[in-house]
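Chains, contacts and geometry: an overview
Listed below, chain by chain, are the residues.
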Amino acid sequence: GTFTHPGGLYNNFNQNDVATTTIYPGTPGHMVRLNFVAFDVTWSDFYIYDGTTVNDPVLGYWQDDDNPGVITALNTTGALTIYFEAPGWDDAFGWEALITCYEKPDDDFAITEFTKSTSLVYTNLAFDFTATVRNLGAIAQSKDITFYVDGVAVGTVNTGVVNPTEYATVTLSHTMTYDGSVHAEVTIPTDQGDDPSNDHAEMFFDAYIIDTFVELF
């Protein structure tokens, strides 16, 4: 199917238009997926929520011609809710999105956040790497999360069992033994998900010798 703005494909939306739309999957257990092939809402407010109401988690907020791209529901209902409010002084084309239903694979995890416990890292002083992952798949399972520093594995932590749609956070303590620029990465094993970019995250930082004076400007 096709999801479009008030006014339809061949007309602009009107000034002050307001619309809330909830799209449900046609098959229980499937996820609604929107693929925005055209998008221009000027100064409108355009939100997409992961669920059946505007009280559910916000997946994103867009204005102007910042195309949302492909948005997939992650919640147990499989639904997406879209809230649109046009300004009182402008109108534009609006949007056109293709609606499909996505069947979740059993095995699909995503890394959603990767942080370290200190803003400054010094050699021979321990700090923590922390990764948050989400189970986007259809079954409860655990995952091994591996941390790397400059391409070398420095530890693996298991999440424990994570239910579908839920999150888990793992932490690994690490001590730098050398100074200089550092590339850190966290990964999960390849799974059945269709977005390979969410199976890893990275960060770059500098490690300083502990006796070095660092002046912050």
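Residues numbered from 1 in each chain as written. Predicted model: local features only at pLDDT ≥ 70, side-chain atom pairs only at ≥ 80, totals over all residues. Heavy atoms only, no water.

Looking now at the side chain of Ser-44. Here Ser-44 lies in the loop between β3 (30–40) and β4 (45–49). From its side chain, Ser-44 meets the backbone oxygen of Val-41 in a polar contact 2.7 Å long. Non-local contacts of Ser-44, meaning those with residues more than four positions away in its chain, are made with Phe-13, Tyr-61, Trp-62, Gln-63, Phe-84, Glu-85, Ala-86 and Pro-87. (Helix = DSSP H or I, 4+ residues; strand = E, 2+ residues; numbered from the N terminus. Polar contact = N/O pair within 3.5 Å; in protein donor to acceptor, adjacent residues only side chain to side chain. Contact = heavy atoms within 4.5 Å.)

A word on unusual backbone geometry. We note that Thr-42 has phi near 45 degrees; this positive angle belongs to a residue other than glycine. Looking at where Thr-42 falls in the secondary structure, it is placed in the loop between β3 and β4. The buried category is assigned to Thr-42, whose relative accessible area is 11%. The phi angle at Asp-64 is positive, at roughly 55 degrees, despite the residue not being glycine. Turning to its location among the elements, Asp-64 is positioned in the loop between β5 (58–62) and β6 (70–72). (Buried < 20%, exposed > 50% of the residue type's maximum accessible area, 1.4 Å probe, protein only.)

Sheet strands pair via backbone hydrogen bonds, and the direction of the pair is either parallel or antiparallel. Spatially, the four strands line up as an open sheet ordered β2-β7-β4-β5, and their pairing is antiparallel. Bordering the open sheet on either side are β2 (18–23) and β5, each of which pairs with just one other strand. Averaged over all neighbouring strand pairs, the angle between strand axes comes to 10 degrees, with direction disregarded. (Pairing = 2+ DSSP bridges. Axes fitted to C-alpha atoms, helices over the stretch in contact; angles between N-to-C directions.)

What follows is about the nonpolar core. Phe-114, Phe-129, Ile-145, Phe-147, Val-186 and Phe-205 are the most contacted members of the largest nonpolar core, which has 25 residues in total. When contributions to this core are tallied by element, the ones reaching two or more residues are β9 (109–116), β11 (126–135), β12 (144–149), β14 (167–175), β15 (180–187) and β16 (200–208). Phe-114 has contacts with Phe-129, Thr-130, Phe-147, Ala-184, Glu-185, Val-186, Ala-201, Glu-202 and Met-203, leaving out every residue within four places of it along the chain. By size, the runner-up hydrophobic cluster in this structure holds 22 residues, among which are Phe-13, Met-31, Leu-34 and Ala-86. (Core = buried A, V, L, I, M, F, W, Y, C linked by side-chain atoms within 4.5 Å.)

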